[in-house]
Amino acid sequence: MKVAKRDGRRVPFEADKICRAIEEAFKDVDGDLDHYAIQKSAEIAKKAEEHFKDLKLIDIEEIQNFVEECL
């Protein structure tokens, strides 16, 4: 599965990138990364991977919208 980036590149889907981005958002909002934030980011990344698994190409905005809905 590939992700269509905003600049037109197509890169492999990596659930870890979703997890790290969510953790960074938690840090920006809360100032720290607690157990809940780590657990929640891993849960959402896993859900995203499962949700998009049958697609060959995903637009980055689709992933962003999915994550926002989960949060």
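These lines cover the structure that appears in this document, whether it is placed above or below. Every chain is numbered independently, its residues counted from 1 as its sequence is written. Whole-chain, interface and lining totals are the exception, using all residues; otherwise, since this is a predicted model, local features are given only for residues with pLDDT of at least 70 and side-chain atom pairs are given and counted only at 80 or more. Values shown for side chains rest on all heavy atoms present in the structure; no hydrogens or waters enter the calculation.

Okay, helix H3 (residues 60-70) next. The rule is simple: take the accessible area with a 1.4 Å probe, protein chains only, and divide by the maximum for that residue type; under 20% is buried, over 50% is exposed, in between is partly exposed. By the criteria applied, helices consist of DSSP H or I runs no shorter than four residues and strands consist of E runs no shorter than two, each listed in order from the N terminus. Of the residues making up H3, those classed as buried are Ile 60, Ile 63, Phe 66 and Val 67. Seen along its axis, H3 keeps its buried residues to an arc of 125°; they face one direction. At its buried positions, H3 is contacted by strand E1 (2-4), helix H1 (15-30), helix H2 (35-52) and strand E3 (57-59). The arc in question is traced by the directions running from the helix axis to the C-beta atoms. Contacts were defined at the residue level, with two residues in contact if any of their heavy atoms lie within 4.5 Å.

The next point concerns the nonpolar core. Membership of the largest hydrophobic core comes to 18 residues, with the highest contact counts inside it found for Val 3, Phe 13, Ile 18, Ile 22, Phe 52, Ile 63 and Val 67. The set of elements that each furnish at least two residues to this core consists of H1, H2 and H3. Sequence-distant contacts of Val 67, defined by excluding residues within four places in its chain, comprise Ile 18, Ile 22 and Ile 44. Definition of nonpolar core: a set of buried residues of the types Ala, Val, Leu, Ile, Met, Phe, Trp, Tyr and Cys, connected through side-chain atoms within 4.5 Å.

We now examine the sheet that holds strand E2 (residues 10-12). Sheet architecture is open: three strands sit in the order E2-E1-E3, paired in mixed fashion. The strands lining the two open edges of the sheet, one partner per strand, are E2 and E3. Across the sheet, the mean angle from the axis of one strand to that of its neighbour is 35°, orientation sign disregarded. Following DSSP output, two strands are said to pair if at least two bridges run between them. Of the strand pairs in this sheet, E1 and E2 are connected by three bridges, and their pairing is antiparallel. The residue bridging Val 3 from the neighbouring strand is Val 11, located in E2. Lines fitted to C-alpha atoms define the axes, with helix axes restricted to the stretch in contact, and inter-axis angles between N-to-C directions lie between 0 and 180 degrees.

That is the geometry; function is a separate question.
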